[in-house]
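# Commentary on secondary and tertiary structure
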Amino acid sequence: MPAHRSAAGFAALLLALAASGDATAQTATIRQYQFAPRADGAAYEVVLKQVPRPSPTAHEVLVRIHATSINGGYDVEMRDRKPGGPGDLTGGIPFADGAGEVVALGTGVTRFKVGDRVVGIFMPRWIDGDRTAEGLSSSRGGNAGGMLSEFVVADEQSLVTFPKHLSYEEAATLPTSGVTAWVGLFKYGHVNTGDYVLLEGTGGVSTFGLVFAAAAGAKPIITSSSDAKLERARKLGAFGTVNYRADADWQKAVRALTGGTGVKQVLEVGGRGTLAKAFEALAFDGHVALIGTLSGFAEQLPTGPLFQAGAHLTAVYVGSRADFEAMNAFIAQHEIHPVIDRVFAFEQAPAAFELMAHGDYMGKIVVRVR
Ligand SMILES: NC(=O)c1ccc[n+]([C@@H]2O[C@H](COP(=O)([O-])OP(=O)(O)OC[C@H]3O[C@@H](n4cnc5c(N)ncnc54)[C@H](OP(=O)(O)O)[C@@H]3O)[C@@H](O)[C@H]2O)c1
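We now examine empty space enclosed by the protein. Summed over all chains, the structure comprises 1 cavity of 30 Å³ or more. Lining the largest cavity are Val63, Ile65, Gly98, Ala99, Gly100, Val118, Val119, Gly120, Met147, Val152, Ala154 and Leu159. When residues of the lining of the largest cavity are traced back to their parent elements, those giving at least two are strand 3 (60–69), strand 4 (97–105), strand 5 (117–120) and strand 6 (151–155). Residue composition of the lining of the largest cavity, by class: 9 nonpolar, 3 polar and no charged.

What follows concerns the side chain of Asp195. Relative to the helices and strands, Asp195 resides in the loop between helix 5 (174–187) and strand 8 (196–199). Of the side chains with opposite charge, Lys264 lies nearest to the buried Asp195, which makes no salt bridge, at 6.3 Å. What Asp195 contacts, discounting residues up to four positions off in sequence, is His190, Ala218, Lys219 and Lys264.

Relative to strand 2 (residues 44–52), strand 1 (residues 29–37) runs antiparallel, the two sharing 9 bridges. Residue pairing for strand 2: Gln32 is matched across the bridge by Lys49.

Notably, His190 is not glycine yet its phi reads approximately 50 degrees, a positive angle. Within the secondary structure layout, His190 lies in the loop between helix 5 and strand 8. A relative accessible area of 54% places His190 in the exposed class. A positive phi angle is found at Val318, which is not glycine, with a value near 45 degrees. Relative to the assigned elements, Val318 resides in the loop between strand 13 (312–315) and helix 11 (321–334). By relative accessible area, which is 6% here, Val318 ends up buried.

Right, let's talk about the pairing of strand 13 for a bit. Two strands pair when backbone bridges link them, and strand 12 (residues 282–290) and strand 13 are joined in this way by 4 bridges, in the parallel orientation. Note on strand 13: the bridge partner recorded for Val288 is Leu313. With helix 10 (residues 303–309) bridging strand 12 and its parallel neighbour strand 13, the resulting β-α-β unit is right-handed.

Within the secondary structure layout, Lys229 lies in helix 7 (residues 227–235). Only 2.8 Å separates the side chain of Lys229 from the backbone oxygen of Tyr361, close enough to count as a polar contact. Those residues within four positions of Lys229 in sequence are excluded, and the remaining contacts are Thr202, Ser224, Asp360, Tyr361 and Met362.

Conventions used here
- Residues numbered from 1 in each chain as written.
- Predicted model: local features only at pLDDT ≥ 70, side-chain atom pairs only at ≥ 80, totals over all residues.
- Heavy atoms only, no water.
- 1 Å grid on protein atoms, 1.4 Å probe; cavity = no way out; pocket = protein on both sides within 12 Å on 5 of 7 lines; lining within 4 Å.
- Points joined across faces, edges and corners; volume = space filled by probe spheres on them.
- Helix = DSSP H or I, 4+ residues; strand = E, 2+ residues; numbered from the N terminus.
- Nonpolar A, V, L, I, M, F, W, Y, C, P; charged D, E, K, R; others polar.
- Buried < 20%, exposed > 50% of the residue type's maximum accessible area, 1.4 Å probe, protein only.
- Lys, Arg positive; Asp, Glu negative; His and termini not counted.
- Salt bridge = Lys/Arg side-chain N within 4 Å of Asp/Glu carboxyl O.
- Contact = heavy atoms within 4.5 Å.
- Pairing = 2+ DSSP bridges.
- Right-handed = clockwise from strand over helix to strand, strands pointing away.
- Polar contact = N/O pair within 3.5 Å; in protein donor to acceptor, adjacent residues only side chain to side chain.

Purely spatial values, then, with no claim about function.
Listed below in structure tokens is the structure:
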């Protein structure tokens, strides 16, 4: 974020805060989590700091963050990196995902007004079209663009509004897991009514995949290590469920649920432990969205079953702002609610990391900021 903040931006901020009538909002400092090296130097911890309240430059807005959400493969992975060297995260703000309310505008802002409810996009410089190196390098979290802060300034291009029926907590789950699932199913996957869709496990991406596929009239089949989560998945619209811990050949059970034809779509989040099995469950001309590595990187592609099925593969890396907006329209049309497991208070954010790293949950974990 630019260091210089304009006088006009600061004046606009004061006016908006005064209008909000919130005395605490006018204090000169705010609370913000930052990564700091742990005493043993082996990884980072997240520490709560008191920092100067930022103010927006011409094309930025000031957002009072209401809620954030955590992603295990991203935020926990950052926390657990060894500090030092190029890319050191010290001072970076955790969490790519956050939603809040616009409280002040830079002088040149045209996309938003004070009071708008907004959510950050995962890659602030991927607006539309194909991926670019510039866009991919702009992801939030572990830098000045992170969301685990009472206020953030953000380029107006890097935010979108969200459907009216969603709370701030729900909106905060959308930028990473929601967009990834939507892109995998509808931008690259072209899910049709009645298609069998395979979701692996009941984490953030897969539960979004479940509710999206169900809303589209597809037949989602979801796996889990927990019968209780599978029971909940059925209530959320799962057509079929398989416990992958109880049944090592879960792909055969998935295929049986389709009457033998196989699934048309897979959101492949498991990696090494699931990729080959996902191909075994695939229908002719099926599509696999390569997304995650929950059980490690799959170093080899199973080309035999891939040829046999005539499979289509797409490697997904979240999505652009245009993808986010298309997903929002779908969410609004179907009045979809994200699946949230736990909401932590701001002061408990380190516990959210612990639950994500070592705990048991279904769907998303949220940290409420306000
Ligand atoms: N490419 C991208 O753009 C992108 C975007 C977001 C995430 N990702 C990656 O996608 C993966 C999923 O992300 P997430 O946020 O959804 O994860 P998450 O919320 O942490 O998912 C955890 C759940 O995954 C299930 N799981 C774990 N190991 C599994 C296995 N071997 N087989 C089947 N299910 C397994 C478990 O479900 P049960 O408890 O039900 O067993 C677990 O509770 C991660 O690797 C993440 O880094 C990639």
